[in-house]
Amino acid sequence: GALLLILLGSAWALALSQGRGRLREIEERLRRQREGELRHRLAIDAASAAVLDLDLATGDKVVNDQWYHQLGYAPGEVAPTEARWQSHVAADDLPGINQAFAACVQGRVARFDCQYRVLTQTGARRWHHAIGLVLNKADGGGPGARRLIGLTLDITDRIEAQQRIEEALHLLRLAQEVADIGIWS
């Protein structure tokens, strides 16, 4: 009987030891996952990126606060619907956006990547750059587009700087023509 108790006690101690080791593994994996999620959140915040998760079947959207800010709203002030977003996009830019979106959903391109203009709720004209990808049911069981996950960045400052450079180059060319001079390399 004593030998059986010793063996059972040893087996229990071994199982407990292995369980503690497994528990430490799980805790470590969860810690790394939390750290990874924090890094992603900090990177998104640092870029002031709007995040969009769109269910293509239902049209339901999950967005972060920056999505609202980029359109001139307070978080939660309006429902983040497709119609709301489209009402802010320059009408001339919608066909190109729709073509890029369709190409991504149909699997002709791997990523959605589009620049477009918006008029915010406050009346500001801004440039946005949307980048995303479509998750298919194959990623979770079967063919067909399921979700669009993406980021939108406000690139107005970059576009305006580019326009100022182009304008300065144009003025330089005009000045060179008028002065009848050139630039040597």
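Scroll up to find the structure.
Attention in this report is confined to the structure presented alongside it. Computed from a prediction, not measured in an experiment: that's the story for all the values here. (Residues numbered from 1 in each chain as written. Predicted model: local features only at pLDDT ≥ 70, side-chain atom pairs only at ≥ 80, totals over all residues. Heavy atoms only, no water.)

**Section: the overall build of the chain**
At step 1: Each helix and strand counted, the chain has 5 helices and 5 strands in total.
At step 2: Listing each helix as α and each strand as β along the chain from the N terminus yields α-β-β-α-α-α-β-β-β-α.
At step 3: Buried residues in the chain amount to 22% of all 185 residues. (Helix = DSSP H or I, 4+ residues; strand = E, 2+ residues; numbered from the N terminus. Buried < 20%, exposed > 50% of the residue type's maximum accessible area, 1.4 Å probe, protein only.)

**Looking at a nonpolar patch on the surface**
At step 1: A cluster of nonpolar side chains, namely Ile165, Leu169 and Leu172, defines an oily patch on the protein surface of about 260 Å² accessible area.
At step 2: Positionally, Ile165 belongs in helix α5 (residues 156-179). (Patch = residues over 30% accessible without salt bridge, like charges linked within 9 Å, V, L, I, M, F, W, Y side chains within 5 Å. Areas by Shrake-Rupley, 256 points an atom, 1.4 Å probe, with all protein chains shown as cover. Salt bridge = Lys/Arg side-chain N within 4 Å of Asp/Glu carboxyl O.)

**A few points about the nonpolar core**
At step 1: Trp67, Tyr68, Trp85, Val89, Ile97, Phe112 and Tyr116 are the most contacted members of the largest nonpolar core, which totals 21 residues.
At step 2: Listing elements by their share of this core, those giving two or more residues are β1 (50-55), α2 (65-70), α4 (94-105), β3 (112-119) and β4 (125-136).
At step 3: When neighbours within four sequence positions are excluded, Tyr68 is seen to be in contact with Val63, Tyr73, Ala74, Pro75, Gly76, Glu77, Val78 and Pro80. (Core = buried A, V, L, I, M, F, W, Y, C linked by side-chain atoms within 4.5 Å. Contact = heavy atoms within 4.5 Å.)

**A few points about the sheet that holds strand β2 (residues 61-63)**
One key point about sheets: their strands pair by backbone hydrogen bonds, in either a parallel or an antiparallel sense.
At step 1: Taken in spatial order, the 5 strands line up as β2-β1-β5-β4-β3 in an open sheet, and their pairing is antiparallel. Both outer strands of the open sheet, β2 and β3, are each paired with one neighbouring strand and no more. For this sheet the average axis-to-axis angle between neighbouring strands, irrespective of direction, equals 25°.
At step 2: Across the sheet, α4 is in contact with β3, β4 and β5 (145-154); its angle to β3 comes to roughly 155°.
At step 3: This element, α5, spans β3, β4 and β5 of the sheet and lies at about 125° to β4. (Pairing = 2+ DSSP bridges. Axes fitted to C-alpha atoms, helices over the stretch in contact; angles between N-to-C directions.)

**A look at the side chain of Thr152**
At step 1: Within the element layout of this structure, Thr152 appears in strand β5.
At step 2: You can call Thr152 buried: its relative accessible area is 12%.
At step 3: Beyond its immediate sequence surroundings of up to four residues, Thr152 is in contact with Ser48, Ala49, Ala50, Gln70, Tyr116, His128, His129 and Ala130.

**Brief notes about the layout of surface pockets**
At step 1: If you add up the space inside the largest pocket, you get close to 330 Å³.
At step 2: Together, 23 residues line the largest pocket, and Leu52, Glu82, Trp85, Phe112 and Leu148 are the ones closest to its centre.
At step 3: Mapped by element, the contributors of at least two residues to the lining of the largest pocket are β1, α2, α3 (82-86), α4, β3, β4 and β5.
At step 4: Tallied by class, the residues present in the lining of the largest pocket amount to 14 nonpolar, 7 polar and 2 charged. (1 Å grid on protein atoms, 1.4 Å probe; cavity = no way out; pocket = protein on both sides within 12 Å on 5 of 7 lines; lining within 4 Å. Points joined across faces, edges and corners; volume = space filled by probe spheres on them. Nonpolar A, V, L, I, M, F, W, Y, C, P; charged D, E, K, R; others polar.)

**Describing the packing of aromatic side chains**
At step 1: Applying the stated criterion across every chain yields a total of 3 aromatic pairs.
At step 2: Centroid distance Trp67 to Tyr68: 5.3 Å. Interplanar angle 90°. Geometry classified as edge-to-face.
At step 3: Ring centres of Trp85 and Tyr116 lie 5.5 Å apart, and the angle between their planes is 85°; on these two criteria the pair is classed as edge-to-face. Of this pair, Trp85 sits in helix α3 while Tyr116 sits in strand β3; the two residues are 31 residues apart in sequence, bridging distant segments of the chain. Across the pair, exposure class does not vary: Trp85 and Tyr116 are buried alike. (Phe/Tyr/Trp six-rings, centres within 6.5 Å; stacked < 30°, edge-to-face > 60°.)

**Considerations on the pattern of salt bridges**
At step 1: What the rule picks out here adds up to 5 salt bridges.
At step 2: With its nearest N and O atoms 3.3 Å apart, the salt bridge here joins Lys61 to Glu82. Placement of the pair is Lys61 in strand β2 and Glu82 in helix α3, with a sequence separation of 21 residues.
At step 3: Of the charged contacts in the structure, one is a salt bridge between Arg126 and Asp154, with a shortest N-O distance of 2.9 Å. Within this pair, whereas Arg126 is found in strand β4, its partner Asp154 is found in strand β5, the two being separated by 28 residues in sequence.
At step 4: Here Arg126 falls in the partly exposed class, since its relative accessible area comes to 25%.
At step 5: Judged by its relative accessible area of 31%, Asp154 falls in the partly exposed class.

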